[in-house]
Amino acid sequence: MSSPAPSAQQQQQQQQQQQQPTFSPHPGTPTSSSPPLDAMDIPARTPPPPPLALHSDPHIHHQQDLHALLSSAVTGLGCSVPGNDTNSTGAALAAATNAPTAAFSAATSAATQQTLMPSVDAMLNLAGKMPEHDVAALLARLLSDLSPDHLTAVVREGRRLLLRDFIDRLPVELSLAIYSRLSLEEGLRASQVSRSWHAISTAGSLWRDWYRARHWRLQDHVVLDPDYAPDARFGGPDLSTAHLFDQSIPDLSSFTPPPPLPPSSSASTSVAPIKRPRAPIPWKYLYRQRHVLDANVRHGHFHSTEYHGHTEGVYCIQADETKLVSGSRDDTVRIWDLKTRQTTHVVRGHTGSVLCLEYDKHQLVTGSSDRSIRLWSVPEDPLDPASTYTMQQALHGHVDAVLNLRMDAPRHRIISCSKDSSIRVWDWTTGVCIATLSGHSAAVNAVQIAGDTLVSASGDRALHVWDLRTVGGGAVVGDGNSQSLPRTQAVKSMVGHARGIACVAFDGTYVVSGSSDMSIRVWDIRKAPSTAQPLPALANATSAAAAGIADSPATLRVITGHTDLVRTVQFSHADNMLVSGSYDTSVRLWDLATGDPISTLSTTARVFNVQWIAGRVFVAMQDNHLREWDFRDSVDVRGMVPLDRSG
């Protein structure tokens, strides 16, 4: 009896079993070495295996995802994949269901190979060996099957991976070179980007450059002392890592090589003492101190103190870190202890108002309306009440009040100016006048000296510049009488004020002057003409233009703001600070570079003299008061350079 003809479905299943494809589980394995399923030697009566677990990987949730992942991975690795139809796996299983046992086992093995995926680590390992263009193609295929949420997360991660911290990858020297191009504000913002950027921003060399960019200076003997260290009260501990980059990149600008070792000698047994190494200069700490001091000045954060003792107006003052010296209309000079704010000495000898003074460690020189200049010895302990200031000699020669004076200590000279319109140069070792500087036509109100250059200010509205190298060479010329003294002429002249000039300050290059025309002028003597400019007759004007005066080419800036005569000025071009005092009963602090006002301090009387030193402003006034404004709150002033003497 002939068997019934197979149905169409059975014919299709048999055809699929005969055309079962081969599979190579590893790249490079030839597919022809794998025998077809119907040729395998499988026992005829093997019991059927348990149902096939299609979802053996817990991360694969459906058949389509399994095939897509397998297809992408295997295609990228160069493997053949059965069919592109997502139902091929199901078709293979369906054929195995109705096949004989041997065919069923073979189909099950094929389906298992199609559904089991290699581990993620294995796939990553294989992808690492693939060419980049193949990896890119694989990723593109995988990304196309992601949901929008997962695709967004992948894009976000890709953007993060594209970011590169170039500072962290560069050598420290190059990173510092890049940072050095930034301003302080830009550097502070950059320090918040990452830890590596913050570490670079603490480099001492950067803060050194930012410090110097503000034209601030240091007293080197203070900050280079081995005992100098940041003070915890002013933010020291917060900056304890500021030296790390200075150690890896030392500042060689001030490096001095050690002396050569002495030749070895068997008889020499002495060993030179080892000096304690100096710690790197804490530039960030020093910058912070100057920044806080500047903020205190700008915002008016100060403590005010008055000194009482003089019985009449105070004309002149000079201060240092420990003491204050003042001269008064009561004919006396007082020495004040700045720690106790008490008078330690009262120096008497003049018979008129003490109008000017200057001192150093050994000498105190005073000038008076009694037309004399007196020299006093300074005791070893200038604040010891048991010590005395002894007058050494009195210098006579001016025929009117001595209005101002300066010491030229290296050459043992004193330069004085007077209401008699003359300037005199004295040898203080002998007390003899060695030269007279002539050229002003009115009272010479102030003089300032820097090196061999002298600047004088007069009521005739002119500033004269003198070369002291032409003055006697330090030797006595003539017999000391004004008729026989050499009369040196000014080498340069500067005009611009509409009225008489009351005060002057000078640092060797720049001059600042104050006038009864209520203005302050900043000059550069390098641009001053060598010939005197003609001056028109005095006029009741408050501007050079109104008085018919052509501005000198040396004029850099005209600063206005006072409402009365500017009696005293003090400045430091290096510190970008200018301090002025006026008969309008105010003390004003200015930005020297721009002329912009910084702060205004009100007083109770006309201001005759000001002195700024390390965060403190001392003021001499007409009403016999001395007053101090102290801006040092939360500031370590060690190492700060005081401003130049005022005129």
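See the structure above.
Residues numbered from 1 in each chain as written. Predicted model: local features only at pLDDT ≥ 70, side-chain atom pairs only at ≥ 80, totals over all residues. Heavy atoms only, no water.

Peer 1: Tell me about the overall build of the protein, residues and numbers included.
Peer 2: Within the protein, the secondary structure is distributed over 15 helices and 29 strands. The 647 residues of the protein split such that 44% are buried. Within the protein, counting contacts between residues at least 6 apart in sequence, those at least 24 apart form 58% of the total. Accessible surface computed for the protein: about 33600 Å², of which carbon and sulfur atoms make up 54%. (Helix = DSSP H or I, 4+ residues; strand = E, 2+ residues; numbered from the N terminus. Buried < 20%, exposed > 50% of the residue type's maximum accessible area, 1.4 Å probe, protein only. Contact = heavy atoms within 4.5 Å. Areas by Shrake-Rupley, 256 points an atom, 1.4 Å probe, with all protein chains shown as cover.)

Peer 1: Tell me about the pairing of strand S12 (residues 423-427), and name the residues and values.
Peer 2: The buried count for S12 comes to five of five residues, which makes it a mostly enclosed element. Neither face of S12 is exposed, since Ile423, Val425 and Asp427 on one face and Arg424 and Trp426 on the opposite face are all buried. Note that strand S11 (residues 413-418) and S12 share five bridges and pair antiparallel. Paired with serine 416 across the two strands is arginine 424, which belongs to S12. Taking the residues between adjacent antiparallel strands as the criterion, S11 and S12 are bridged by four residues, where serine 421 takes a positive phi near 70°. Strand direction decides the pairing type here: S12 and strand S13 (residues 432-437), joined by five bridges, are antiparallel. (Pairing = 2+ DSSP bridges.)

Peer 1: Quick one: what's the story with helix H12 (residues 204-213), residue by residue and with numbers?
Peer 2: Of all 10 residues in H12, seven are buried, a share of seventy percent or more. Backbone geometry just downstream of H12 places histidine 215 in the positive-phi region, at approximately 65°.

Peer 1: Which residues make up the side chain of serine 582, and what values do they have?
Peer 2: Residue placement: serine 582 occurs in strand S24 (residues 577-582). Among all residues touching serine 582, those that are not within four sequence positions of it are His562, Asp564, Leu565, Val566, Arg567, Arg606 and Val607.

Peer 1: Describe the sheet that holds strand S23 (residues 566-572), and please don't skip the residues or the numbers.
Peer 2: Overall, antiparallel pairing links the four strands, which are arranged S23-S24-S25-S26 in an open sheet. Two strands bound the open sheet, and with one partner strand each, they are S23 and strand S26 (597-602). The average undirected angle you get between the axes of adjacent strands in this sheet is 15°. Across five bridges, the pairing between strand S25 (residues 586-591) and S26 is antiparallel. (Axes fitted to C-alpha atoms, helices over the stretch in contact; angles between N-to-C directions.)

Peer 1: Mind laying out the packing of aromatic side chains, listing which residues take part and the relevant values?
Peer 2: For the structure on display, the rule yields nine aromatic pairs. Note on tyrosine 307 and tryptophan 336: the rings are 5.6 Å apart at their centroids and 80° apart in plane angle, and the pair reads as edge-to-face. A residue pair is termed long-range when its members are at least 10 positions apart, and tyrosine 307 in strand S1 (residues 303-307) and tryptophan 336 in strand S4 (residues 332-337) qualify at 29 residues. Considering the side-chain rings of tyrosine 315 and phenylalanine 608, the 5.0 Å spacing of their centres and the 20° angle between planes classify their relative orientation as stacked. With tyrosine 315 in strand S2 (residues 314-319) and phenylalanine 608 in strand S27 (residues 607-613), this residue pair connects regions lying 293 residues apart in the sequence. Each of the two residues, tyrosine 315 as well as phenylalanine 608, counts as buried. Taken together, the ring pairs in this structure connect Trp207, Trp210 and Tyr287 into an aromatic cluster. (Phe/Tyr/Trp six-rings, centres within 6.5 Å; stacked < 30°, edge-to-face > 60°.)

Peer 1: Account for the sheet that holds strand S19 (residues 501-506), with residues named and values stated.
Peer 2: Strand order in the open sheet formed by four strands is S19-S20-S21-S22, with antiparallel pairing between adjacent strands. Both outer strands of the open sheet, S19 and strand S22 (555-560), are each paired with one neighbouring strand and no more. Between one strand axis and the next, the sheet turns through 20° on average, direction left out of account. In this structure, S19 lies alongside strand S20 (residues 510-515), joined through five bridges in antiparallel fashion. When the sheet's bridge partners are listed, isoleucine 501 is paired in S20 with serine 515.

Peer 1: Let's hear about unusual backbone geometry: which residues, and what values?
Peer 2: Trans peptide bonds make up the majority, and among non-glycine residues the majority have a negative phi. Located in the positive-phi region is threonine 585, a residue other than glycine, with phi close to 65°. By the element assignment, threonine 585 lies in the loop between S24 and S25.

Peer 1: Outline the pattern of salt bridges, listing residues and values.
Peer 2: Per the counting criterion, the structure on display carries 16 salt bridges. As a salt-bridge pair, arginine 411 and aspartate 452 come within 2.9 Å of each other at their nearest N and O atoms. One end of the pair, arginine 411, is in the loop between strand S10 (402-408) and S11; the other, aspartate 452, is in the loop between strand S14 (444-450) and strand S15 (453-458), with 41 residues separating them in the sequence. Among the residues examined, arginine 411 registers a relative accessible area of 37% and is labelled partly exposed. A salt bridge links glutamate 628 to arginine 616; the shortest N-O distance between them is 2.7 Å. Of this pair, glutamate 628 sits in strand S29 (residues 626-630) while arginine 616 sits in strand S28 (residues 616-621), and the two are 12 residues apart along the sequence. (Salt bridge = Lys/Arg side-chain N within 4 Å of Asp/Glu carboxyl O.)

Peer 1: Requested: an account of the pairing of strand S6 (residues 354-359), with residues and values cited.
Peer 2: Along S6, six of the six residues are buried, which leaves the element largely enclosed by surrounding structure. As paired elements, S6 and strand S7 (residues 363-368) share five bridges and run antiparallel to each other. In the strand pairing of S7, valine 354 is matched with serine 368. Between the end of S6 and the start of S7, which pair antiparallel, lie three residues.

Peer 1: I'd like a description of the environment of glycine 352, backed by residues and values.
Peer 2: Locating glycine 352 in the fold gives a position in the loop between strand S5 (342-348) and S6. Sequence separation between glycine 352 and alanine 401 is 49 residues, and the spatial gap between their C-alpha atoms is 9.1 Å. Dropping the residues within four chain positions of it, glycine 352 is found in contact with Asp331, Ser368, Ser369 and Asp370.

By themselves, these observations are geometric and do not establish any function.
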